[in-house]
Amino acid sequence: MGKQPNLYTFSDTNALAKTLRAYVLQCQTAGLERHGAFKVAVSGGSLPKTLAKALLDPGNGGPEDKINFSKWEIFFADERAVPLDHSDSNYKLLKDELLDKIPEDLGKPVVHPIDVRHLDDVQEMADQYQEELMRSFAAKDSVKLPIFDLLLLGCGPDGHTCSLFPNHELLRESDAWVAPIEDSPKPPKARITLTLPVVTHGIKIAFLATGEGKAGILKEILDTDEGRSLPCGLVNEGGGERVSWFTDAEAVNGVGFPKRGSL
Ligand SMILES: O=C(O)[C@H](O)[C@@H](O)[C@H](O)[C@H](O)COP(=O)(O)O
């Protein structure tokens, strides 16, 4: 592996959210300098809640502390094949936690939900979402992979991330940008997901993992050889120093991997 990922740990989610905000702002500035926009992919699970805590905080009011949502394009790192108002929808989760609560003066992001006309055909749904990416990034025949400014990801108790599960054949997908999965071990079974090459190609990749339920799997991912072949371990391997882990004390209990003090 190239350089190692960065492991940050905080006493609780409030402290984590403060640093996450500073990190996202740095990524936003870099995206705006690079191409005048900030292209972000987000997962479901516990992430939208913590992200909202970070982004909806009034901040310090300084000029460098401005979240400029009008320049944001938000994509889904993975999504379940359900209507957008379904309780399993990652879009609905993000909408309820964050999108509906953005104050008007911060602007409105462009959000890219799945095309719900294809809920019964996840291959078609994945293809449509890939086309959505192509409309925003570039045609697939002109660039090998889309480059997200930031991917915000969760880590499952088995080491999965997005809807990329351990030992699943999808981990070997090397052509598609977006892939369907119909046998997700985490319900619901039918989903689409960004593929591993797209995830590891991001400019920055951040994992959010908090709570004692994550302690065993974080130790495995960060401290053991076996953990390197888990989906989160493969992201660490592919992304190296572009990967940052935002964790709390409970989640890293027993983890030996060196922690970093500041961004
Ligand atoms: O749609 C999903 O199921 C998620 O995108 C999934 O990949 C999630 O991020 C992890 O399972 C972690 O979830 P928690 O943060 O809730 O543990």
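Up top is the structure these notes are about.
It should be emphasised that the depicted structure is a prediction, and the values quoted were computed from it without experimental measurement.

This next bit is on the packing of aromatic side chains. The relative placement of two aromatic rings is captured by the distance of their centres and the angle of their planes. Throughout the structure, instances matching the rule amount to 10 aromatic pairs. The interplanar angle of 5° and the centroid separation of 6.5 Å between the aromatic rings of Phe10 and Phe246 together place this pair among those described as stacked. Placement of Phe10 in strand S1 (residues 6-10) and of Phe246 in strand S10 (residues 243-248) is noted, with a sequence separation of 236 residues between them. For Phe246, a relative accessible area of 0% puts it in the buried group.

Once that is clear, we can look at the site of the ligand. In the vicinity of the ligand lie 15 residues, with Ser46, Asp78, His160, Cys162 and Lys214 positioned nearest. Contact distances for the ligand include 2.6 Å between an oxygen atom and a side-chain N or O atom of Asp78. Arg191 places a polar side-chain atom, nitrogen or oxygen, 3.1 Å from an oxygen atom of the ligand. Burial of the ligand by the protein chains amounts to 90% of its free accessible area of 420 Å². Residues that form the shell around the ligand fall into these classes: two nonpolar, eight polar and five charged.

So, on to helix H6 (residues 215-223). If you check which residues of H6 are buried, you get Ala215, Ile217, Leu218, Ile221 and Leu222. The buried side chains of H6 occupy one side of the element, clustering within an arc of 160° when seen end-on. Its buried side turned inward, H6 meets S1, strand S9 (204-209), helix H7 (231-239) and S10.

As a further point, take the pairing of strand S2 (residues 38-42). Taking burial as the measure, the five residues of S2 include five buried ones, the bulk of the element. Here S2 shows no split at all, with Phe38, Val40 and Val42 on one side and Lys39 and Ala41 on the other all buried. Inspection of the sheet shows S2 paired to strand S3 (residues 72-76) by five bridges, in the parallel sense. Its bridge partner being in S3, Lys39 is matched across the sheet by Glu73. The β-α-β motif built from S2, the intervening helix H2 (residues 47-56) and the parallel element S3 has right-handed crossover chirality. Of the strand pairs in this sheet, S2 and strand S6 (residues 150-154) are connected by three bridges, and their pairing is parallel. Each residue of the ladder has a partner; that of Ala41, found in S6, is Leu151.

Glancing now at helix H4 (residues 122-136). Over its 15 residues, H4 extends 21 Å from the first C-alpha to the last, a length consistent with the 21 Å expected when each residue adds 1.5 Å. Along H4, the positions that sit buried rather than exposed are Val122, Met125, Ala126, Gln128, Tyr129, Gln130, Leu133 and Ser136. Those residues of H4 that are buried are in contact with S2, S3, strand S4 (78-80), strand S7 (178-181) and strand S8 (191-194).

Procedures and definitions
Per chain, residues are indexed from 1 in the order of the written sequence. Reporting in this predicted model follows two pLDDT cut-offs: at least 70 for local features of residues, and 80 or more for side-chain atom pairs to be given and counted; totals over whole chains, interfaces and linings ignore these cut-offs and use all residues. With hydrogens and water stripped out, all remaining heavy atoms of the structure feed into the side-chain values. A pair of Phe, Tyr and Trp rings is counted when the ring centres sit within 6.5 Å of each other, with Trp represented by its six-membered ring. The angle between the planes then sorts it: under 30 degrees is stacked, over 60 is edge-to-face, the rest tilted. For helices the rule is a DSSP run of H or I covering at least 4 residues; for strands it is a run of E covering at least 2, with both sets numbered from the N terminus onward. Three labels apply to residues, based on accessible area from a 1.4 Å probe with only protein chains included: buried if under 20% of the type maximum, exposed if over 50%, partly exposed otherwise in between. Nearness is defined per residue: one heavy atom within 4 Å of the molecule or strand is enough. Polar contact is the term for a pair of N or O atoms within 3.5 Å; when the atoms are in protein, one must be able to donate a hydrogen and the other to accept it, and sequence-neighboring residues count only if both atoms are side-chain atoms. To be clear on the numbers: accessible area is Shrake-Rupley with a 1.4 Å probe, and residue cover counts the displayed protein chains and nothing else. When residues are sorted by character, Ala, Val, Leu, Ile, Met, Phe, Trp, Tyr, Cys and Pro go into the nonpolar class, Asp, Glu, Lys and Arg into the charged class, and all the rest, Gly among them, into the polar class. As used here, the arc is the angular range of directions from the helix axis to the C-beta atoms. Residues count as neighbours in contact if any of their non-hydrogen atoms are within 4.5 Å of one another. We treat two strands as partners when DSSP finds at least two bridges between them. Here, the term right-handed applies to a crossover whose path from the first strand over the helix to the second runs clockwise when the strands point away from the viewer. A helix is expected to span 1.5 Å for every residue after the first.

This is a description of form; function is not addressed.
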